Amino acid sequence: MKKQEVYNEAVSGDEGFAPGDGYPSCDGEPCANVSDTADDATDTMADDDPAAEDDAAKALEAAVAQWQDKFVRLQAEFDNYRKRTLKEKMELVQTGGRDVLLAMLPVRDDVQRAVDAMQKSDDLEALRAGVTLISQKFTEALRQKGVTEIEVLDKEFDADLSEAVARFAAGDEKKGKVIDVVQTGYKLGDKVLRFAKVVVGE
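Below is a summary of the structure that appears in this document. (Residues numbered from 1 in each chain as written. Predicted model: local features only at pLDDT ≥ 70, side-chain atom pairs only at ≥ 80, totals over all residues. Heavy atoms only, no water.)

The tally for this structure, following the rule as stated, stands at 0 aromatic pairs. Seen from the ring of W67, K70 lies directly overhead, with NZ or CZ sitting 4.7 Å from the centre. (Phe/Tyr/Trp six-rings, centres within 6.5 Å; stacked < 30°, edge-to-face > 60°. Lys NZ or Arg CZ within 6 Å of the ring centre and 35° of its normal.)

Quick look at the structure:
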């Protein structure tokens, strides 16, 4: 019974709950329901402007279409570039061979004239001089195209420039050196066009 009286007295007291005891203070005014406020916010979010969403979707579609167009154009440009480059390479090969042949034709004409002269003349000195001039002209035509002779005679054998086809005893002074050239080698620029075939002393 004592516990019952204490409980009744505490509940029936005139003291109100102080702010901060777990309940919101509304300064004497009726407090708004928290759940009602949350529902209002949800309704506001749900009521977004449909027109704005449509505009965003259209802008996205336009951006996608723009990038697709750029991709198609870039792919077409690359394909054209590849075809043009291949055509230029083929033309370069054909033109390069044409230039060399044109440079050789005058030498061919001189050789033909020398053959005709040998059939009509017995002057050996004149024939020798003519053939020498043809050889010099031919060498000059090669030089203009970047073809130069590889000079290896009496030099140390170099496997990067020459190919040894034979070896002969030539004494200590000629050991390891080229003592004879069986076939002349040529370079095109800095690259070997044809290796020289040589005889090496040992």
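Below, the discussion takes up the sheet that holds strand β5 (residues 191-194). The 3 strands lie next to each other as β1-β4-β5, forming an open sheet whose pairing is antiparallel. Among the strands making up the open sheet, the edge pair consists of β1 (147-150) and β5. Going across the sheet, the axis of each strand differs from the next one's by a mean of 40°, ignoring polarity. Where strand β4 (residues 185-188) meets β5, 3 bridges bridge the pair, whose relative direction is antiparallel. The residue bridging L188 from the neighbouring strand is K191, located in β5. (Pairing = 2+ DSSP bridges. Helix = DSSP H or I, 4+ residues; strand = E, 2+ residues; numbered from the N terminus. Axes fitted to C-alpha atoms, helices over the stretch in contact; angles between N-to-C directions.)

Our next topic: the sheet that holds strand β6 (residues 196-201). Pairing is mixed across the open sheet formed by 3 strands, whose spatial order is β2-β6-β3. Edge positions in the open sheet fall to β2 (162-168) and β3 (178-183), since each of these has one partner strand only. Taking the axes of each pair of neighbouring strands and ignoring which way they run, one obtains an average angle of 30° across the sheet. Both β3 and β6 contribute to a ladder of 4 bridges, which runs antiparallel. Bridge pairing in β6 places Q183 opposite K197.

Here we take up the packing of helix α3 (residues 50-120) against helix α4 (residues 124-144). Between α3 and α4, the shortest axis-to-axis distance is 9 Å and the interhelical angle comes to 170°. One element, α3, and the other, α4, form an angle in the roughly antiparallel class. Seen from α3, the contacting residues are A103, M104, P106, V107, D110, V111, A114, A117 and M118; seen from α4, they are L127, I134, K137, F138, A141 and L142. Residues of the contact of α3 with α4, tallied by class, amount to 13 nonpolar, no polar and 2 charged. (Parallel < 35°, antiparallel > 145°, perpendicular 65-115°, else oblique. Contact = heavy atoms within 4.5 Å. Nonpolar A, V, L, I, M, F, W, Y, C, P; charged D, E, K, R; others polar.)

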